[in-house]
2 protein chains.
Amino acid sequence: MFEEKISELSLSTPASFIRAILKTTENSEIISFAGGLPNPISFPKEEIKKSTNRVIDKYGSKVFQYSMTAGLRELREYIAEHLNNSQGMDVTPDEIIVTTGSQQALDLIGKVLINPGDSVVLEEPSYLGAIQAFSQYRPDMCAITLERDGMDMNKLEAKLKESNVKFIYTVPNFQNPSGLTYSKEKRETLHRLTRKYNCILVEDDPYGDLKFDGNPYGYISRNEFEGSILLGTFSKTVTPGMRSGFMVIRNPELRLRINTAKEAADLHSNVFSQYILWDYMTNNDVQKHILKIRELYRNQSNAMIKAMEDSFPESVSFTRPEGGMFIWVTLPEGMIALDLFEKARKENVVFVPGNPFYIDGRAANTMRLNYTNCDEKTIIEGINRLSRLL
Amino acid sequence: MFEEKISELSLSTPASFIRAILKTTENSEIISFAGGLPNPISFPKEEIKKSTNRVIDKYGSKVFQYSMTAGLRELREYIAEHLNNSQGMDVTPDEIIVTTGSQQALDLIGKVLINPGDSVVLEEPSYLGAIQAFSQYRPDMCAITLERDGMDMNKLEAKLKESNVKFIYTVPNFQNPSGLTYSKEKRETLHRLTRKYNCILVEDDPYGDLKFDGNPYGYISRNEFEGSILLGTFSKTVTPGMRSGFMVIRNPELRLRINTAKEAADLHSNVFSQYILWDYMTNNDVQKHILKIRELYRNQSNAMIKAMEDSFPESVSFTRPEGGMFIWVTLPEGMIALDLFEKARKENVVFVPGNPFYIDGRAANTMRLNYTNCDEKTIIEGINRLSRLL
């Protein structure tokens, strides 16, 4: 009865391979490098409890009532001030829209910008949640090879010359899935090319704060972002469970369109959680909290890299991230990561084969390993199991 | 630069008139009958505070971590049990998807079912959030006149005969905006027609629990809902700020499609709030809480009706709701509610003119009054100001 009722839009939406895997890995005996879960010891439980009690006492019914589509004013003020102080930007709260996680931002961008057949550019490999969200609106997606220091800029410019590209989607810092980071040169080239070819830059930065050493990188569109959309999130530094992200959009026409699409999507994001997050961030030393997460993840990343160096065959290569949550592994030519996945699952260790990170979903000799959600001992044990299979 | 980049989908999305009004009415001197806000004294503040502390202590990191797309298992079990006990249904938790408010459910339904040009049927007048969500996907919308006891079933059947209607959207109890309720006969006819013409019934029930007297009405698709989608929400009985609603979908193909669309839309709804809601509902006498809200709203509704009977000219008619949040007023033929709105705003009283509740947005002699968010004294004062203008 229903098959013939399903829309083209829905038929164009692939189910998430990762979320399907996650369901099968809830068994506690399995060592999972598959998800992108923050380490639970990084959640500020007691502080959030205090903030909840405080905002209910202080603001009463307001934290429970319907609220503005763009998001809680106080939270947007905090975000603007934080961006201005840390990145030398001059953002106003009015240029910020709070979203139900960054995933919603990706869906809204697809909705508001893509007509079927429009050209959009992503990285290869790219974040699968972005591939999924954009796919719905049936664009002509072009994936540009990600080199060690960012997209292949020659290929990118050739594409921009050839087609009228609506937007370029990039995760410049410790990319998901590759763990790679753009060099200063490639950031500048990317900025120059988006201006030259009049396209929108969608700069997604979920991991920027999780740089293992030194100050976070500056945004590509930091000082001049009329033609750009910046995405941020509290999922990796405070809690993903509250589904709180944000967009910075300077262009008023585009912002209004996104705001109206958000109205139609969920009226507004959970305002109870927005109050709590805002109170938590203004009453705690968030920087200190983030430094602790960075150190934790640096140690876990180092443990995984050391274990792979010690036990993986030389024909297997992998990235060495400067931050974030992922390592990208390339198996010898001709080996299929999906086959390894099937064998590894029997040994109670899982990861994500490369397929869902390519726009054509092809089976490949690549895979993504996450190191943030296991302790070092478990990481070493999991890598040893994988190396026995290799 | 941007105008030519906006998608057809976005260009088809009207901004919400109500949300635009609400921004201009945050001034506390204004008496607002415009929004659809629950009375803030109905929010169980202290109980929610207790539940928050309890779930953090009891479940720790789980309440902060990424979670399942369909929603927290425990909450879905609670919903299924509640529906089975109160409505004599046989729903399983697997047939429930938790959504970011009912607004998200409307967007997901539009996404998954509507191809441009597809026929869908709504009530006239209809809920503007549904008109907005469906409009995005460019259906051929047909609005069937709402009579005192439900849709005009002759017109509906004529439409169903003539076109291949994808779905019928209805709010059978204390409808928004009209306050009208379907009779038993029309419920049965609607059920029979959806089966006969093989179309999907989208039954939206945000207000069902807010019936002033006696037991809530049974769902139209209670016992046999293979071809139906049921929408529920905690916004009117617990808190709208947490944006928590749910869908009941028995057909597995349709459920999978909606679930995948939700994955792409926001991965999952706020799980911190889902834990709190579930804990609140299992540890408190929710029925007693709802009875208090019903009494409050019955008194407020009675106060508004009495004030209108006392002071409105006889040429003005209005509905007498059995529950819910709204009264629908019909001004004399030829009078335009939008003109009255402009005058009333100067007298510091606002309401929603009928326009956004019609699919063609036409100016009309109708308007929606909300009585849930003012006390009785304020309601009487507001109605008196309106009557002086009439």
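Residue numbers restart at each chain and count upward from 1, following the sequence in its written direction. As they are written, the chains are lettered A onward and the ligands numbered 1 onward, keeping that order. Totals for whole chains, interfaces and linings use every residue, but because this is a predicted model, local features are given only for residues with pLDDT of at least 70 and side-chain atom pairs only at 80 or more, for both listing and counting. Side-chain calculation: all heavy atoms of the structure are included, whereas hydrogens and water are not.

Engineer: What exactly am I supposed to notice about the overall build of chain A here?
Structural biologist: Secondary structure elements are taken from DSSP: a helix is a run of H or I of four residues or more, a strand is a run of E of two residues or more, and numbering for both begins at the N terminus. On a plain count of helices and strands, chain A comes out with 13 helices and 14 strands. A compact globule built from 390 residues should have a C-alpha radius of gyration of about 21 Å, and chain A, at 21 Å, falls within 12% of that. Evaluated residue by residue, chain A yields a buried proportion of 66% over its 390 residues. Here, Shrake-Rupley sampling with a 1.4 Å probe gives the accessible areas, and only protein chains in the shown set may cover a residue. For chain A, the exposed area adds up to about 14000 Å²; of that, 47% sits on carbon and sulfur atoms. All radius of gyration figures rest on C-alpha atoms, and the globule criterion is 2.2 Å times the number of residues raised to 0.38. Throughout, exposure labels follow a simple rule: accessible area from a 1.4 Å probe, protein chains only, divided by the maximum for the residue type, with under 20% read as buried, over 50% as exposed, and the rest as partly exposed.

Engineer: What should I look at first to understand the interface of chain B and chain A in this one?
Structural biologist: Interfaces are often sized by the accessible area lost when the parts come together. Whether two residues are in contact is decided by their heavy atoms: any pair within 4.5 Å suffices. Taken together, the 84 residues of chain B in the interface contact 85 residues of chain A. Buried area is understood as the total, over both parts, of accessible area removed when two parts are fitted together, assessed with a 1.4 Å probe. Overall, the association of chain B and chain A removes approximately 7300 Å² of surface from exposure, summing both partners, and the carbon and sulfur fraction of that is 57%. By convention in these notes, a salt bridge is any Lys or Arg side-chain nitrogen within 4 Å of a carboxyl oxygen on Asp or Glu. Along the contact surface separating chain B from chain A lie four salt bridges. B:Lys111 serves as the salt-bridge partner of A:Asp107, at 2.8 Å between the closest nitrogen and oxygen. Whenever a nitrogen or oxygen atom comes within 3.5 Å of another N or O atom, the pair is scored as a polar contact, on the condition that within protein one atom can donate a hydrogen and the other can accept it, and that pairs from neighbouring residues in sequence are kept only if both atoms are in side chains. At the junction of chain B with chain A, the criterion picks out 47 residue pairs in polar contact (both at pLDDT 80 or more). Where the side of chain B that touches chain A is concerned, the elements lending two or more residues are helix H1 (8-11), helix H2 (17-24), helix H3 (45-59), helix H5 (101-113), helix H6 (128-135), helix H9 (252-266) and helix H10 (271-283) of chain B. Looking at the side of chain B that touches chain A, the element that brings in the most residues is H9(B), giving nine residues. Only Asp, Glu, Lys and Arg are considered charged, only Ala, Val, Leu, Ile, Met, Phe, Trp, Tyr, Cys and Pro nonpolar, and every remaining residue, Gly among them, polar. Of the residues that constitute the side of chain B that touches chain A, the class distribution is 33 nonpolar, 30 polar and 21 charged.

Engineer: Hey, could you run me through the pattern of salt bridges in this one?
Structural biologist: Here the idea is simple: oppositely charged side chains can pair when their charged atoms come close. Residue and element names in this part refer to chain B. The final tally for this structure, using the stated rule, is 48 salt bridges over all chains. Linking Asp 94 and Arg 73 is a salt bridge whose minimum nitrogen-to-oxygen distance equals 2.8 Å. Of the two residues, Asp 94 sits in the loop between helix H4 (73-87) and strand E2 (96-99) while Arg 73 sits in helix H4, which places them 21 residues apart along the sequence. Classification of Asp 94 as partly exposed rests on a relative accessible area of 46%. Here Arg 362 ties to Glu 124 by a salt bridge, and the two come within 3.3 Å at their closest N and O atoms. Here Glu 124 lies in strand E3 (residues 119-124) and Arg 362 lies in the loop between strand E13 (352-353) and strand E14 (366-370), a separation of 238 residues in the sequence. Given a relative accessible area of 33%, Arg 362 falls into the partly exposed group.

Engineer: Looking at this model, I keep getting lost on the relation of the copies chain B and chain A. Mind explaining?
Structural biologist: Look at the two chain copies: a rotation about an axis and a shift along it is all it takes to match them. Mapping chain B onto chain A calls for a screw motion: a turn of 180° about the axis and a shift of 0.0 Å along it, with 0.0 Å RMSD after fitting. This pairing of chains is accounted for by a two-fold axis. Most of the interface of chain B is mirrored in chain A, where 100% of its interface residues again form contacts. When the copies are superposed, the least-squares fit draws on C-alpha atoms of residues that have pLDDT of at least 70 in both.

Engineer: Looking at this structure, how should I read the packing of helix H3 (residues 45-59) of chain A against helix H10 (residues 271-283) of chain A?
Structural biologist: Geometrically, a packed helix pair is captured by the angle between its two axes and the distance between the axes. Residue and element names in this part refer to chain A. The N-to-C vectors of H3 and H10 enclose an angle of 115°; their axes lie 8 Å apart at closest approach. One element, H3, and the other, H10, form an angle in the roughly perpendicular class. Crossing handedness for the pair H3 and H10: right-handed. Touching Glu 47, Ile 48, Ser 51, Thr 52, Arg 54, Val 55, Ile 56 and Tyr 59 of H3 are Phe 272, Tyr 275, Ile 276, Trp 278, Asp 279, Tyr 280 and Asn 283, all from H10. Of the residues assigned to the contact of H3 with H10, the class counts are nine nonpolar, three polar and three charged. To get an axis, a line is fitted to the C-alpha atoms, and for a helix only the part in contact is used. The angle between two axes follows their N-to-C directions and goes from 0 to 180 degrees. Here roughly perpendicular refers to angles of 65 to 115 degrees, roughly parallel to angles under 35, roughly antiparallel to angles over 145, and oblique to all remaining angles. Crossings are sorted by hand: turned counterclockwise from the far helix by less than a right angle, the near helix makes the crossing left-handed, and turned clockwise it makes it right-handed.

Engineer: Honestly, the sheet that holds E13(B) in this entry has me stumped. Any pointers?
Structural biologist: What links the strands of a sheet is backbone hydrogen bonding, and the strands pair in either a parallel or an antiparallel sense. Residue and element names in this part refer to chain B. When DSSP finds at least two bridges between two strands, those strands are taken to pair. In space, the four strands of this open sheet follow the order E10-E11-E14-E13, with antiparallel pairing throughout. Single-partner strands in this sheet number two, and they are strand E10 (317-318) and E13. Alignment of E13 against E14, held across two bridges, turns out to be antiparallel. Its bridge partner lying in E14, Pro 353 is registered against Met 367.

Engineer: Sorry if this is basic, but what is going on with the side chain of B:Asp279 here?
Structural biologist: Residues and elements named next belong to chain B. Relative to the helices and strands, Asp 279 resides in helix H10. Overall, the relative accessible area of 3% leaves Asp 279 in the buried class. Beyond its immediate stretch of four places on either side in the chain, Asp 279 contacts Ser 51, Arg 54 and Val 55.

Engineer: Explanation requested: the pairing of strand E9 (residues 245-249) of chain B in the structure shown.
Structural biologist: Remember that side chains alternate between the two faces of the sheet whenever the strand is regular. Residues and elements named next belong to chain B. Judged by how many residues are buried, E9 sits mostly within the fold: five of five residues are covered. Of the two faces of E9, the one lined by Gly 245, Met 247 and Ile 249 and the one lined by Phe 246 and Val 248 are each fully buried. When E2 meets E9, the two strands line up antiparallel, connected through four bridges. Counterpart to Thr 99 in the pairing with E9 is Gly 245.

Engineer: Please clarify how helix H12 (residues 337-346) of chain A should be interpreted in this entry.
Structural biologist: For an α-helix, 3.6 residues make a turn, and residues three or four places apart therefore share a direction. Residues and elements named next belong to chain A. The set of residues buried in H12 consists of Ala 337, Leu 340, Phe 341 and Ala 344. Projected onto a plane normal to the axis of H12, the buried residues spread over an arc of 105° and lie on a single side. Looking one or two residues beyond H12, the residue adopting positive phi is Asn 348, at roughly 60°. What the arc describes is the spread of directions from the helix axis to the C-beta atoms.

Engineer: What am I meant to see in the side chain of A:Gln136 here?
Structural biologist: Within the secondary structure layout, A:Gln136 lies in the loop between helix H6 (128-135) and strand E4 (140-147). Classification of A:Gln136 by relative accessible area gives buried; the value is 1%. For A:Gln136, the side chain forms a polar contact with the side chain of A:Asp107, separated by 2.9 Å. Polar contacts involving the side chain of A:Gln136 include one to the main-chain carbonyl oxygen of A:Ala133, which spans 3.0 Å. Excluding anything up to four places from it in sequence, A:Gln136 contacts A:Leu9, A:Ser12, A:Thr13, A:Asp107, B:Lys111, B:Ala261 and B:Ala264.

Engineer: Looking at this structure, I do not really get the packing of helix H11 (residues 286-311) of chain A against helix H13 (residues 376-389) of chain A. What am I missing?
Structural biologist: All names here are of chain A. Where H11 meets H13, the axes come as close as 9 Å, and the angle between the chain directions of the two elements is 30°. Here H13 runs roughly parallel to H11, going by the angle between their axes. The chirality of how H11 crosses H13 is right-handed. In this structure, H11 contributes Asn 299, Gln 300, Ala 303, Met 304, Ala 307, Met 308 and Ser 311 to the contact, and H13 contributes Glu 376, Ile 379, Ile 380, Ile 383, Asn 384 and Ser 387. For the contact of H11 with H13, a count of residues per class yields seven nonpolar, five polar and one charged.

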